[in-house]
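# Architecture and fold: a report
Spelled out from the first residue to the last, the chains are:
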Amino acid sequence: GILSQGGNTSPVPLPPPQSSCWRRKRAEMITFNLDDGFTEAVVRGYRSGILSQGDYSNLGQCDGLEDMRMHLAVTDYGNFLQNEPSPLQTMTISEKCTEKLVEEFNYIRCNASAELAKFLDYITYGYMIDNVILLLTGTLHERDTSELLEKCHPLGKFQSLATLAITTSPKDAYKLVLVDTPLAVYAQKCFTESQDFTELNIEVIRNTLYKAYLEDFYAYTQKLGGATADVMGEILRFEADRRAINITINSLDTELTKEGRGELYCNFGDLYPEGVMRLERADTQDAVRQAVESFGQYRELFQEDQFNRDKSLEDWFFEYEVKLNKLAFEQQFQYGVFYAYMKLKEQEVRNIVWIAECISQDQKSRINQYIPIF
Amino acid sequence: MSQFRSEEMCLVQLFIQSEAAHATLQELGKVGSIQFKDLNTEKSAFQRLFVQDVRRCDDMSRILRVIQGMCQQEKMKPRDTGGEDTAMPLHELHDKLIELEKEMKDHTGSMSQLIRQKIELEEHRHVLREGAQWFQQAYSRGVSFTAPQSDEGTEMSGVLEEGGAGGQPRPGSVLGHIAGCIPTANIHDMSQTLFRATRGNMLLKHEEITAPIMDPTKPDEAVQKSVFVIFFSGDRSRVKIDKICDSYAATKYRLPEQVPQQDEIVKQVDDRLKDLTMVLDKTRDYRRGKLEEIVNKVDAWMLHVQREKAVFHTLNQFNYDVTHKCLIAEGWCPTADMDSVRDALRQGTIRSGATVQTVLNVVKTRETPPTFFRNAKFAQGTQSIVDAYGMARYQEFNPAVFSCITFPFLFGVMFGDVGHGIMMALVGLLLVLYEKKLAYLAQDEMFGTLYKGRYNILAMGIFATYSGFIYNELFAVPMEIFGSTAWCSGEMVDDSHCMHTKGYDPATSLQKWVRTNMDDAWDPDMGSTGKEVTWEVYPFGNDPGWAHTANKLNSVNSFKMKFAIVAGVVQMVAGVCCKLMNTLYFKDDLTMYFVYIPEMIFINSIFGYLVILILLKWTTNWDTTYILNNEQVVTIPQRYCKDDLSNLPCWTPPYWYNRATVPGYGAQLAALPEHMWCMGNGAATAGCAVMKHNDQLLVEGNVFVTGNIILEEFTGKKCKEMGSAHCSLWKQSPPSLLDSLIKMFMEIGSVPVENQMIPGQGGLQVFLILIAFASVPVLLFPKPYILKARHEAMQHHQLHDDDDHGAGGGGGGGHGGHGEFDFGEEMVHQMIHTIEYVLGCISNTASYLRLWALSLAHAQLSEVFWEKTVVEIGLESASPLMLFVTVTAWSCFTFGVLMGMESLSAFLHALRLHWVEFMNKFYHGDGYKFMPFSFDAKDED
C-alpha cells in the first residue's frame, strides 16, 4: 500500500543502447589519450597489482594473520601493515586494504578530466547510497552514530551524513540532509513520506534510490557512447538484472505487493522488459527460475543452485560480475576499466577478508570459497 | 688485469652447525664477500625456518620507528651516533623495546588526554569571551532573556560537567541557547542544516577564533575553529540542535546568560587551565627526559635490528638437513677473498662456541658466476654507466676501462669551451675535494647522481677545457693565449703590425684579411727583401684570427666534421679490437678468425681508408700542390721570394685590380689572356700562384708561357721531353673527400685527378673494395658451419667414447661446446650479426657526426648569448647599468641553458655513442651483478 502513493506513473523505457558507430569509436581512439590516457595507464598499472592465483594459494597456506601480513608485503600492497602492532585483527586488514583502494581512487579522481571525473563521481554515489541506508537502518536500531560512521565506506562519506541520525522520516531526511548531496535527484522521488522510518520502507527506499541511480548512471554511460557505452552497458545491465532477481527472491513472502515490487525494477537491463514483467508476477522460487531461464547467461544460475549448495546465488552473481569486469580490461579507450577496477578490487578485499577470517577462525577447509580474479 | 676482467668467482658450499650459523653470518656480513643463493625458492616467505626471528625484527623496527617519530615530534636529535650498543642479544632488546613502547604509549596516552582537556578549556575560554560580548550587546539593546536566572539553559560537556548543574530549561522558557566551538569549515553547512531543521526559528552567531586551535588527534596540526552561539526557542528544538551540533563535530560549552555567572566560570576555567598547564608541562618534561635517555641509542638499535634482520633473511635462504643440526649454504665468492672468508668462518665458530668447525667446499659448476669489479673510486661512475646498459658477462672485457677516458673525451669534444669546461671541472673538483663531507648527498634524489658521478664531472670538465683550447673559445670569445694571430682584419689595417701597403685603399678593397707578415715578404717599393714568407701556423688550437670572418663556420665545420669521423672510426676499431681481447682470453679461435678478422678488414678498408685520406688531406700543403697535364699531382715548393723563382707571392695581392700595374711585370701580365689572370674582374680568388723563373712569369692553372721554364725537378722527364706546349700546371684545390668516397664505389677503379692524393689510388681503392666485399661472406658463413661440424664430430665422438671431452668442448667457446645445438638458429643469429655489423659500420660512422653537430650547436649558442646580450646591447649602450643587466642575463643563460641543459645533452650523446656505437662492437652485457651479503651495503640502504 505504501508504494501506491507514488502515483501510477508507468515506467518510461530508456532508449535502447545505441549501436555505437565505428566512426565515433575511431574518433575516440584518436582523442582518448588526450584527456584520459594518463589515468587509464595508471589504472591499468593498478590492475596488474591485483593478486594472482599464486598469491591466493600462498595466502591459503598461511597459518596466521602474521603470515598473511608477511605475504601481502611482497605483493603490491607492500608495507601497508608495517606500522600495525601485533596481533593483527581481520578488521585492520580489511580497513587498510580499503584505505589503499580509496587512496588509489582519489589519485585517479584528482587526475581525471571533466567527463571521467563525472563518471568517477557516479561510482561514489553507489557508496553514498549504501552509507545513507546504513545510517538510517542503524539509527532505526538505535546504534551509536559514531560507530555507524566508522562502518561507512570512505568513498561515500559526505559532510552532513551524521545528521541523518536525527531524522525520523524520509521527508525529513530529504529536506534536512539529502537535498544538499548529489543524491538529491534520486532521493526526491522516494523520500516523500512523512511517516516514520520502518524496516520495510528503508528497504524500499534503498531499492528505489538504487534504481534511480543506476538508471541515471546507465543513461550517462550511454551518452558517453563508444566503447564506454558497450562495456559499461553490459556491466550495468547485469547489475540491474541482479537487483531485479534479488528483489524478487527477497520479497517473495513479504508484505511487499507485486506492484510495489515492479516499481523497484530498473527500466533497463537484459531482462527488461519481458523478464522483468515475468519476475513481477512470480510467486515462487520456481516462477523466478522460469522467468530468467530463457536468458542465456542466467540459465545456469538456478540449475547450479540446485545441485551445488556450497555456492550461493550471491556467489554466482559475484563470479559473473568478476567475469564481466575482467572483460572490461580487454577494451581500450573506455571508462569501463575504472569501474571494473573498483569492483574487482572490492572483490579482492572481500577475498582477503574471507581468507583472513577462515584462518583466524581455523576453518581452513572453507578457505577456497573465495572468488578468484586473475 | 682486474679492471679489464671481472673477478674470478667460485661456488662455495658451507656446512654450518646450526648453533654457529648466526655468529658466522654476522662475521660474513662484516666481510661482505659471499653472495648466497636462495636454496628455498619453492617456499614462500612465511614457511621458512627463521621466520619468527624476521618477524621479531619487523616488530622491533616498528617500535623503533614509533620512538623515532616521538623524538622527531619533540624535535630531538641524536647528539652522537657513535656509541653502538650491539652487544645486547636480540630477544633482550626486543623485551626492552616492548616495555619501552608500553611505557611511552601510556605517557603519550595520558599526555594526549591532558592536551585534549587543555584544548577544551581553551576553547571554553574563547566561547566565554566571545559569547559574553554577544550577550552584552543584546543587553545593551534592551533584549532580555525571559529564562529565569536559575535556568542556565546550557548543555554541559567535557570536564566542566561537575562545574555546575545545567538544568533543563523550564517549560515556560522562550529562548534557549547552545554555545560551543566548531571547525570553521563546517559552519556554513551546519547553519544550513540548522535553518532547515528549525524552519528558520533560530539565530546563529559565530566568530572565528584568531588563534589556531590544536587538533587533539593530530599533534602539530592546527585547525581553524569558530565560536558559535545558537539561540532558539522551544524544547524540541534543543534535542534536534544538539544532535546536529554533534554531527558537525562541534563541542558544546557552558555559557551562562548572566554576567556574574559568566565571570565565575571564567575564573574557574582560568584556574583549571593554570593547573592543567602545570601538570602538562611536568608530564611533557618527564616524557622528554625518558626520550632523551634513549634518543642516542635509537639509531644504533635500528642499525642493529636491520643487520639482524638481514642475517635472518639470509639464513632463511639456507638449506638444512633433516636433523636441523647443520645448515647448508651455497654462494658465490671471489677467489681472491677466500682467505678472509675462511677467517670469518673460523671467527664465527669460535664466537658461538660451536663444537664443529664450519666446512667450506669449493664446488665445480657450469652455472655462470656473477660479475664483480673491484673498481677504484675514479672508475665507479663510469662503471655504473656501463652497468646501466647491461652487466658484463662473467670475465668479459670491461668497456668501462676505456670509457673512463673516452667518455669525458667525447663529452669534451661536444662541450668544448674553456669557460664552461673550467666551471664544470670546478664543480667536479669541489665534489671530489669535499667528498667525505658531502657524502650525505649520495642519498639525495637529485644531487645523488651528481655526487656519484663526481669524478666523471671532473674529467668531463677537464676534457671540455682542453677541447676549448683547441677550439680556442672562452665563452665563445677567441683568445690569443698562444701568441697573437698572424692575420688581422681590414678594420685593423692601421695597426702597425698589419700589412699596410701603399696603394691599398680600404674603401675599395673587398678583402678584409691579409697576412701581417706579408710586409716582410713583399713591399712594392722596396722590392723583395729576400726573406722567405713564413707561413706560420698558430701554435696550438684554432687561429684566433678566424673570429668574425665570414667563412669561419666553413672552416670550423670542416675540421669538426672530419674530426668526428676520425674519432668515431678510431673508437669503433678499438671496439672491434676489444672483441679480439675477448676471443684471446676465452681462446675462441673461431670467433677470432671468422668474426674479428673479417670485421676488422671491412671497417678498415672503407672507413680506415677514409680516415687516412682525412689525415693526408690535413697534412698536405695545398698551396704547393699542382696538377700537371691533367694527369699527375706534383708538389712544387713555394719559394716566392727566392730570386730564381718568384718575386710575386702566390696570394696575388688583391690590392692590384689592374694587373698592368703590378710593378715590374705589368706589361707581361697584361699580355696574358684574360682567363689566365686569377683576379678576373678584380674579384678576390684564393690560391693563385704567380711565379717568376728566369724573368718569365709562371702563372698557376695555365699553360706555361714559354717552354724553357719547365724544370725537371718539378714536372718530371716526360713533360720536359714533350715540351712546354704539352705541359699545363693546374693548381689543385683540396679534393672533396665525400666526393672521393662516393666515387670510390660509383666509379670503381678510377680516381679523378683533382681528387687524387696517393699515387696509384685507383688500384688501391679497387683492392680495398674487393677485400671489404670479400670479408662479408667470410663473416657470414664459416662460423655456423664450423660449429655444426664440430657439434656433429662431438656427438660422434661421444657415441664412441663417453669419457673423453677434450677435443670438442674447449674450442666451442660460448656457443657450441655443450648442450643443444640448432644450426638454423645459429645461422640466423650470424646473419643478423653480419647485417647489423655491415650496416652498422656505415650508420654508426654517420652517427659519430653528432660530435660535430653538438659542438657546433654549443659554440653557436654560446656565441649568440654573448653577442646578443653583452656585446650588442651592453657594450654598445656604454652605460654601466645596461652592462650590468646584460651581463646578468648572459650569466643566467650561460648557467641555465649551457651549463644546465647543454651539458646534459652532450652527456646524453656521449652516453649513446658509448652504449650503441662503441659497445655493440663487442659487448654482450648479459651477466648479473655480484651482490654479496654485506652489512656495509645494507647500511647504505
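Residues numbered from 1 in each chain as written. Chains lettered and ligands numbered in written order. Predicted model: local features only at pLDDT ≥ 70, side-chain atom pairs only at ≥ 80, totals over all residues. Heavy atoms only, no water.

### Considering the pattern of salt bridges
Residues and elements named next belong to chain B.
- Under the definition given, this model contains 47 salt bridges over all chains.
- The partner of Arg 374 in a salt bridge is Glu 7, with the nearest N and O atoms 2.9 Å apart. Taken together, the residues span a long stretch of sequence, with Arg 374 in the loop between β11 (359–363) and α8 (377–389) and Glu 7 in the segment before β1 (9–17) at a distance of 367 residues.
- For Arg 374, a relative accessible area of 34% translates into the label partly exposed.
- What makes Glu 7 buried here is its relative accessible area of 12%.
- Here Asp 337 and Arg 374 are joined by a salt bridge, their closest N and O atoms 3.1 Å apart. (Salt bridge = Lys/Arg side-chain N within 4 Å of Asp/Glu carboxyl O. Helix = DSSP H or I, 4+ residues; strand = E, 2+ residues; numbered from the N terminus. Buried < 20%, exposed > 50% of the residue type's maximum accessible area, 1.4 Å probe, protein only.)

### A closer look at empty space enclosed by the protein
Residues and elements named next belong to chain B.
- Counting across every chain of the model gives 7 cavities of 30 Å³ or more.
- Put simply, the second largest cavity is a space of about 50 Å³.
- Residue lining of the second largest cavity: Ser 740, Lys 743, Met 744, Ser 750, Val 751, Pro 752, Asn 755, Gln 761 and Gln 765, and that is the complete set.
- The set of elements that each furnish at least two residues to the lining of the second largest cavity consists of α18 (737–746) and α19 (761–780).
- Counting residues per element, the lining of the second largest cavity draws most heavily on α18, which supplies 3 residues.
- The residue inventory of the lining of the second largest cavity, partitioned by class, reads 3 nonpolar, 5 polar and 1 charged. (1 Å grid on protein atoms, 1.4 Å probe; cavity = no way out; pocket = protein on both sides within 12 Å on 5 of 7 lines; lining within 4 Å. Points joined across faces, edges and corners; volume = space filled by probe spheres on them. Nonpolar A, V, L, I, M, F, W, Y, C, P; charged D, E, K, R; others polar.)

### Section: the nonpolar core
- Grouped together as the largest cluster of nonpolar side chains are 190 residues, with contacts concentrated most on Phe 119, Phe 191 and Ile 245 of chain A together with Met 190 and Ile 230 of chain B.
- Take this core: its biggest share by element is 14 residues, from helix α5 (residues 114–140) of chain A.
- Apart from the residues lying within four places of it in its own chain, the contact partners of Phe 191 of chain A are Leu 136, Pro 170, Lys 171, Ala 173, Tyr 174, Leu 178, Ile 205 and Leu 209 of chain A.
- Counting residues in each nonpolar core, the second largest holds 71 residues, with Leu 441, Ile 614, Trp 622 and Ala 910 of chain B among its members. (Core = buried A, V, L, I, M, F, W, Y, C linked by side-chain atoms within 4.5 Å. Contact = heavy atoms within 4.5 Å.)

### A look at the layout of surface pockets
Residue and element names in this part refer to chain A.
- Approximately 1800 Å³ is the volume attributed to the second largest pocket.
- What lines the second largest pocket is a set of 48 residues, and nearest its centre among them are Tyr 127, Asp 130, Arg 206, Glu 346 and Arg 350.
- At the level of elements, α4 (90–110), α5, α6 (145–151), α9 (199–224), α10 (226–250), α15 (313–328) and α16 (336–360) are the ones that each hand at least two residues to the lining of the second largest pocket.
- Considering every element that reaches the lining of the second largest pocket, the biggest residue donor is α9, with 9 residues.
- Broken down by class, the residue content of the lining of the second largest pocket amounts to 21 nonpolar, 10 polar and 17 charged.

### Notes on the side chain of His 107 of chain B
- With respect to the secondary-structure elements, His 107 of chain B resides in helix α3 (residues 90–140).
- Not counting residues within four places of it along the chain, the set of residues in contact with His 107 of chain B comprises Tyr 286 and Arg 287 of chain B.

### Topic: the sheet that holds strand β3 (residues 176–183) of chain B
Residues and elements named next belong to chain B.
- Spatial strand order, β4-β7-β3-β8: 4 strands in an open sheet with antiparallel pairing. A single partner strand is all that each edge strand has here, and the edge strands are β4 (202–208) and β8 (251–253). With strand direction ignored, the average angle separating the axes of adjacent strands in the sheet is 25°.
- Two elements, β3 and strand β7 (residues 225–232), share 8 bridges in a ladder whose sense is antiparallel. What sits directly across from Gly 180, in β7, is Phe 228.
- Contacting β3, β7 and β8, helix α5 (residues 235–247) runs over the sheet at an angle of about 165° to β7. (Pairing = 2+ DSSP bridges. Axes fitted to C-alpha atoms, helices over the stretch in contact; angles between N-to-C directions.)

### Some points on the confidence of the model for chain B
All names here are of chain B.
- Summarising the model, chain B shows a mean pLDDT of 78, and 76% of its residues fall at 70 or more.
- Low pLDDT (under 50) marks residues 673–710, which in the prediction has 100 contacts with non-local residues, meaning those over four places away or in another chain.
- Below a pLDDT of 50 lies the segment residues 804–817, which in the model reaches 15 contacts outside its immediate sequence neighbourhood of four places, other chains included.
- If you check the scores for this complex, the pTM reads 0.71 and the ipTM reads 0.73. (pLDDT = per-residue confidence, 0-100.)

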